[in-house]
Structures are given as structure tokens and as C-alpha cells.
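Here's the letter readout for the chains.
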Amino acid sequence: MSADSDGDGFPDGVLAPLAEQDDQGRLRPTIGLRAGTSMAAPLVAAAAGLMKSVNSALDPDMFDMLLATGRLTVDLGEAGRDVRHGEGLLDAVRATAAALELLDETRVPAMLTVAPRRLDFGISSTSAEIAVSLLGNFAGDAFAILETDSPWLIVDAVDVAAGGTGRYRVRVDRTQLPEGRVQFGVVRVRGPENTVSVAVSAQQPPPSPQSDIGPLHVRARDVDGGITASRLVEADEKAYP
């Protein structure tokens, strides 16, 4: 974390999932740069656990084979393994799908996964994205259907494949939220084998009281042209234009 060997302006850490508190004290999912095996090992172990959960026959040799053939990662930098990026960026969905593919003579269920599984819009946010992925095989046409029973929630397709997987934008219509109360909703993603629910929360704060602090003298200066403009602004019905 003290070096920038690739010259991108950031420390040479690894992006890791984190949680940070916002101004309202709510935990929000985020990512940040971290370094060391104490951060990386749990992420790899979690991916291996997902693989083992769908293929109990998975052993270290099989894991190494999948890693060496690029089936667990997204390649970075030079093609194949390289000194700077190793085997590439670990992809848990890709890794779990690879473990499923090792099953012989077994039907692989088409299981939907959605990330993130919770959206907290707080008092001001209006939109966020979710990603819908498919593990396994499905022979039909449509296998991902998104729906919600909350009138203040709207779901729009952003980058979606023919079958329904891809990125969706979840929007909040704040005009339909009651003031001062936290509202909870659900976006459901239905597939042929399972349904995944995304929990959503949002709050519409009560209107702030408007104040009249008297006339304001506003001055703006164009730093390029050197032109200065000034204006006297007074409140009109307890509001400033």
C-alpha cells in the first residue's frame, strides 16, 4: 500500500468489499484498497467454499487445474499468468460455474444470483444498480424476471442479455414516499429454479424549514476572463431564488 509500481496514481492494493457508515449512521457497501493475505485469503477461501458447496468432489488438484486454465479468474495484463497480475482477478460466479461444469452426467440447475442483495437509498439517493447472473444451464428462452410490489420502486434494464441476465437500475420515486418514515420494499428476481429477493429501504425526510437571514450580497468572479459580477439577493416568501 506504500508503492505505486503501475503508475496509476493509487497504492498497489487489492479492491476488497468493505462497509462504511454514512452521515445517517447506516452501513453502506463499498470497496476499498487493501493489502496482505489477511485480506485476500478469506476472499479466495469463500470462493472455494462456494465451489465446494455445488461440487462436493472438488479437491485441491481440481482447484489448481481450474486456476491454471483460467476458469476461475478474469485475465489481467498480458495474456495468461504474468508477474504483475498472477492468474488474474478472482471471479466467484465464474469459479462456481466452473465447479458445476466438472460434474459428470448430472443436470446442473439454472440458479440465479443477484448482487448486491440489499439497497439502502437513505434520505437522498434515487438509483442504484444490481447485477443478475446465471449459474448452470437452461434450455428455455427467458429465465430472469424482475418484479416489485412497491409502487415507489421502478426497475429499468441497463445492459441485459436476451435471457434476462445483466445489469438493472433500481430507482426510487420519492414523490410516493411518506415524509419522515423509513419505507421497505423488495425487488424479486424470478428464475426457473429459484427466486432471489433484494431488500430495499428509503426514507423521505420532512421538509426543512425555510429561513430568512436577510439580504445577501453575492459576488462571482470569472477566473479566466477576470470579470466580476455582483448581485443583491433578498428572500421572497421565506425562500431565496
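Owing to the predicted nature of the structure, the values given are computational and were not obtained by experimental measurement.

Is there a simple way to explain the side chain of S201 in this structure?
Here S201 shows up in strand β12 (residues 195-203). Setting aside chain neighbours within four positions, we find S201 in contact with R118, L119, D120, F121, G122, V182, Q183 and F184.

Any chance you could explain helix α3 (residues 92-101) here in plain terms?
Think of an α-helix as 3.6 residues a turn; residues three or four steps apart then line up on the same face. All of the buried residues in α3 are A95, T96, A97, A98, A99 and L100. A distance of 3.1 Å separates the backbone nitrogen of V93 from a side-chain oxygen at the start of α3, and that oxygen is part of D91.

Honestly, the pattern of salt bridges in this entry has me stumped. Any pointers?
Opposite charge on two side chains allows them to pair when their charged atoms are near. All chains considered together, the criterion is met by eight salt bridges. With its nearest N and O atoms 3.7 Å apart, the salt bridge here joins R26 to D120. One end of the pair, R26, is in the loop between β1 (14-21) and β2 (27-34); the other, D120, is in strand β6 (residues 118-120), with 94 residues separating them in the sequence. Look at the salt bridges and you will find they share partners, linking E129, R167 and R169 into a network.

Can you help me understand the pairing of strand β9 (residues 153-160) in this one?
Two elements, β9 and strand β10 (residues 166-172), share seven bridges in a ladder whose sense is antiparallel. If you follow D159 over to β10, its bridge partner there is R167. What sits between the antiparallel neighbours β9 and β10 is a turn of five residues, in which G164 has the positive phi angle 115 degrees.

Would you explain the environment of G80 in this entry?
Checked against the element boundaries, G80 lands in the loop between β3 (73-74) and β4 (89-90). Since its relative accessible area comes to 35%, G80 is described here as partly exposed. C-alpha of G80 to C-alpha of T69: the two residues are 11 residues apart in sequence and 8.7 Å apart in space. G80 has contacts with D75 and G86, leaving out every residue within four places of it along the chain.

The rules behind these values
- Residues numbered from 1 in each chain as written.
- Predicted model: local features only at pLDDT ≥ 70, side-chain atom pairs only at ≥ 80, totals over all residues.
- Heavy atoms only, no water.
- Helix = DSSP H or I, 4+ residues; strand = E, 2+ residues; numbered from the N terminus.
- Contact = heavy atoms within 4.5 Å.
- Buried < 20%, exposed > 50% of the residue type's maximum accessible area, 1.4 Å probe, protein only.
- Polar contact = N/O pair within 3.5 Å; in protein donor to acceptor, adjacent residues only side chain to side chain.
- Salt bridge = Lys/Arg side-chain N within 4 Å of Asp/Glu carboxyl O.
- Pairing = 2+ DSSP bridges.

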